[in-house]
Amino acid sequence: MSSTIHRRSLLKLTSLLAIGSALTKADVYASDFTNQRFAEGPIRLTSNENPYGPSPMARRAMADAITQSNRYPWDVTTKLLEKLGTLYGLTSEHVLLGAGSSEILGLSTLLAALNKGNAITAAPTFSIWAPVAEKMGLTVTKVPLLEEKMNDLSAMVSQLNENTRLFYICNPNNPSGTILPTAAVRDAAEEASKKSLVLIDEAYLDYTNEPSLVNMVSTNKNIIIAKTFSKIYGLAGARIGYAIAHPDTINKLAALQPWANAGVSAVSLAAALASLDDKSFVASSKEKNTEARMYTQKELESLGIKVIPSHTNFIYYSLANYKGNWQEALRAKNILSAGTYEQQGQWTRTTVGTLKEMQQFISAVKAIV
Ligand SMILES: Cc1ncc(COP(=O)(O)O)c(C=O)c1O
């Protein structure tokens with residue numbers, strides 16, 4: 001059996017290499033890189049990735065960093081920590097790097113769970129950390145979203161008690177794509193931080209015009225902001241994200257990493273550093289995302305589908321009038337989309353891809369409904 005698996009893996013590798021070998025160095029550096037790597041496969045609208053990335057500057061920096069990969073990349077680590085600290089008017093001591101922001105969510109959960117108690121979160125939201133919380137002995141209280149699919153902050157705050165160890169806010173929220181006013185999140189976070197660690201997940205904030213709440217951390221040791229290079233920076237596969245928190249809190253999170261700030265490769269560090277300078281890539285990703293999102297939203301609505309106005313690179317919509325298996329029906333049309341959420345699976349989420357991909361998605365939807 002293991003030799004079958006081995007043969008299968010080899011076949012898979014060979015076909016991947018065949019696709020890869022069709023990409024020349026010029027293709028890799030070209031600015032219209034969009035999805036060439038996966039041109040043969042299904043349209044990937046599942047994981048809220050940026051279809052245009054990595055940015056041209058990041059791609060060049062990654063290629064250059066390959067040759068440095070025999071050395072530990074500490075000088076680049078330091079540069080990135082300093083650059084991120086400065087970006088937010090803070091210092092490198094306010095930053096901790098992780099292999100994606102999911103590592104930051106996991107570390108924050110572990111820190112919170114050092115003392116048993118409860119965690120408070122919305123439902124549905126991004127809850128990759130919740131199984132860790134439960135395994136580590138935290139009881140997770142899930143507060144349903146409001147009718148308009150926003151986090152119900154006052155209901156969440158009302159659940160706080162002396163045993164609350166973690167209070168998670170995802171803003172904008174995944175999967176609903178809704179955003180809360182910054183002042184409301186700040187107030188709830190301030191209140192919750194009197195009793196608990198507060199984890200604010202800003203993975204999609206770059207798609208909005210709302211400010212980050214990073215400045216809260218200079219005086220408040222109970223606030224952790226999770227940020228990622230996986231979304232608008234187009235580096236999901238590079239696995240790099242970070243926490244912004246008070247230096248004392250950063251030290252506590254760092255103590256839970258086997259080797260602090262050392263889990264990100266030289267290539268990913270170089271990509272992140274370069275992508276912070278590629279402002280035109282970020283701006284064009286945002287603009288193209290808005291155009292494709294507006295198109296998709298309008299088309300779905302014209303088919304009588306209820307859509308929650310999105311502030312992100314994904315769309316949450318109702319399947320109340322659809323009786324089949326939406327994900328499978330799309331899969332049969334060569335489109336990968338997310339599963340279903342809440343109220344007996346009446347809602348689902350689709351990532352906003354390129355406009356061309358969304359036109360293909362809408363054609364598929366028209367054939368299904
Ligand atoms: C809200 C939110 N936070 C965090 C993540 C984790 O992303 P990563 O680990 O790639 O930074 C995701 C991924 O989809 C997400 O949707």
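Here the structure is shown first, and the text comes after it.
Residues numbered from 1 in each chain as written. Predicted model: local features only at pLDDT ≥ 70, side-chain atom pairs only at ≥ 80, totals over all residues. Heavy atoms only, no water.

*Asks:* I keep staring at the overall build of the protein chain and nothing clicks. Help me out?
*Replies:* Of the regular secondary structure elements, the protein chain holds 13 helices and 13 strands. Here the protein chain holds 369 residues, and 51% of them are scored as buried. Sequence-distant contacts, at least 24 apart, represent 72% of the contacts inside the protein chain between residues at least 6 apart. (Helix = DSSP H or I, 4+ residues; strand = E, 2+ residues; numbered from the N terminus. Buried < 20%, exposed > 50% of the residue type's maximum accessible area, 1.4 Å probe, protein only. Contact = heavy atoms within 4.5 Å.)

*Asks:* How should I be thinking about empty space enclosed by the protein in this particular structure?
*Replies:* Tallied over the entire structure, the rule returns two cavities of 30 Å³ or more. Size it by volume and the largest cavity reaches roughly 50 Å³. Together, N171, T182, V185, I200, E202, L205, E210, P211 and L213 line the largest cavity. Of the pockets and cavities examined, the second largest cavity occupies roughly 40 Å³. Along the lines of polarity and charge, the residues of the lining of the second largest cavity split into four nonpolar, five polar and no charged. (1 Å grid on protein atoms, 1.4 Å probe; cavity = no way out; pocket = protein on both sides within 12 Å on 5 of 7 lines; lining within 4 Å. Points joined across faces, edges and corners; volume = space filled by probe spheres on them. Nonpolar A, V, L, I, M, F, W, Y, C, P; charged D, E, K, R; others polar.)

*Asks:* Looking at this model, I keep getting lost on the environment of A262. Mind explaining?
*Replies:* Positionally, A262 belongs in the loop between α9 (247-254) and α10 (266-277). Taking relative accessible area as the criterion, A262 reaches 22% and is therefore assigned partly exposed. In sequence terms A262 and T77 are 185 residues apart; their C-alpha atoms lie 8.1 Å from each other.

*Asks:* I'm lost on the pairing of strand β4 (residues 138-144) in this one. Help?
*Replies:* Along a regular strand, successive side chains alternate from one face of the sheet to the other. Note: strand β3 (residues 117-123) against β4, seven bridges, orientation parallel. Directly across from I120, in β4, lies its bridge partner T141. Handedness of the crossover is the feature at issue here: the chain leaves β3, passes through helix α6 (residues 130-135), returns alongside β4, and the resulting connection is right-handed. (Pairing = 2+ DSSP bridges. Right-handed = clockwise from strand over helix to strand, strands pointing away.)

*Asks:* Is there a simple way to explain helix α4 (residues 74-87) in this structure?
*Replies:* Relative to the 20 Å expected for 14 residues at 1.5 Å per residue, α4 spans 20 Å between its end C-alpha atoms, a close match to the ideal helical length. What α4 keeps buried is the set T77, L80, L81, L84 and G85. Here the buried residues of α4 occupy an arc of 130 degrees about the axis, which is enough to place them on one side. For α4, exposure combined with an orientation more than 90 degrees from the buried face picks out D75, K79 and T86. (Expected span 1.5 Å × (residues − 1). Arc of directions from axis to C-beta.)

*Asks:* Hey, could you run me through the packing of α4 against α10 in this one?
*Replies:* The angle between the axes and the distance between the axes are what describe a pair of packed helices. In contact at an axis separation of 9 Å, α4 and α10 are set at 35 degrees when each is read in the N-to-C sense. Once α4 is placed against α10, the crossing between them reads as left-handed. On α10, the residues that touch V76, T77, K79, L80, K83, L84 and L87 of α4 are L269, A270, A272, L273, L276 and D277. (Axes fitted to C-alpha atoms, helices over the stretch in contact; angles between N-to-C directions. Left-handed = near helix turned anticlockwise from the far one by under 90°.)

*Asks:* It is not clear to me how the packing of aromatic side chains should be interpreted in this structure. Could you clarify?
*Replies:* Aromatic ring pairs are defined here through the distance separating the ring centres and the angle between the ring planes. Enumeration according to the criterion identifies twelve aromatic pairs in this entry. Residues F229 and Y233 carry aromatic rings whose centres are separated by 5.2 Å and whose planes lie at 55 degrees to one another, so their mutual orientation is tilted. One exposure class covers both F229 and Y233, and it is buried. Taking the ring centre of Y52 as reference, the NZ or CZ of K288 above it sits at 4.3 Å. Here the basic side chain of R349 rests over the ring of F314, its NZ or CZ set 5.8 Å away from the ring centre. (Phe/Tyr/Trp six-rings, centres within 6.5 Å; stacked < 30°, edge-to-face > 60°. Lys NZ or Arg CZ within 6 Å of the ring centre and 35° of its normal.)

*Asks:* What exactly am I supposed to notice about the sheet that holds strand β9 (residues 307-308) here?
*Replies:* Two orientations exist for strands paired in a sheet by backbone hydrogen bonds: parallel and antiparallel. Within the open sheet, the four strands sit side by side as β9-β10-β13-β12. Their pairing is antiparallel. Here the strands that pair on one side only, and so sit at the sheet edges, are β9 and β12 (340-341). Of the strand pairs in this sheet, β12 and strand β13 (residues 347-351) are connected by two bridges, and their pairing is antiparallel. Of the residues in β13, the one forming a bridge with T340 is T348. Lying over the sheet, helix α11 (residues 279-302) contacts β9 and β10 (314-318), oriented at roughly 10 degrees with respect to β10.

*Asks:* I tried to follow the pattern of salt bridges on my own but got confused; where do I start?
*Replies:* Close approach of charged atoms allows side chains of opposite charge to pair. Per the counting criterion, the structure on display carries seven salt bridges. Among the ionic pairs, K149 bridges to E342, the shortest N-O distance being 3.2 Å. Highlighted residues: K149 in the loop between β4 and α7 (153-158) and E342 in the loop between β12 and β13, separated in sequence by 193 residues. The class for K149 is buried, based on a relative accessible area of 5%. For E342, a relative accessible area of 23% corresponds to the partly exposed category. E191 is paired through a salt bridge with K194; the nearest N and O atoms lie 3.0 Å apart. Using a relative accessible area of 62% as the deciding quantity, one classes K194 as exposed. (Salt bridge = Lys/Arg side-chain N within 4 Å of Asp/Glu carboxyl O.)

*Asks:* Even after reading the chapter, I still don't get unusual backbone geometry, so can you show me in this structure?
*Replies:* The residue after A123, namely P124, is reached through a cis peptide bond having omega 0 degrees. Inspection of the secondary structure puts P124 in the loop between β3 and α6. Unlike most non-glycine residues, K149 shows phi in positive territory, near 70 degrees. Unlike most non-glycine residues, R239 shows phi in positive territory, near 55 degrees. Classification of R239 by relative accessible area gives partly exposed; the value is 33%.

*Asks:* Help me understand a nonpolar patch on the surface in this model?
*Replies:* On the surface, a cluster of nonpolar side chains totalling about 390 Å² of accessible area is made up of Y72, W74 and W259. Structurally, W259 can be placed in the loop between α9 and α10. By relative accessible area, W259 is classed as partly exposed at 49%. (Patch = residues over 30% accessible without salt bridge, like charges linked within 9 Å, V, L, I, M, F, W, Y side chains within 5 Å. Areas by Shrake-Rupley, 256 points an atom, 1.4 Å probe, with all protein chains shown as cover.)

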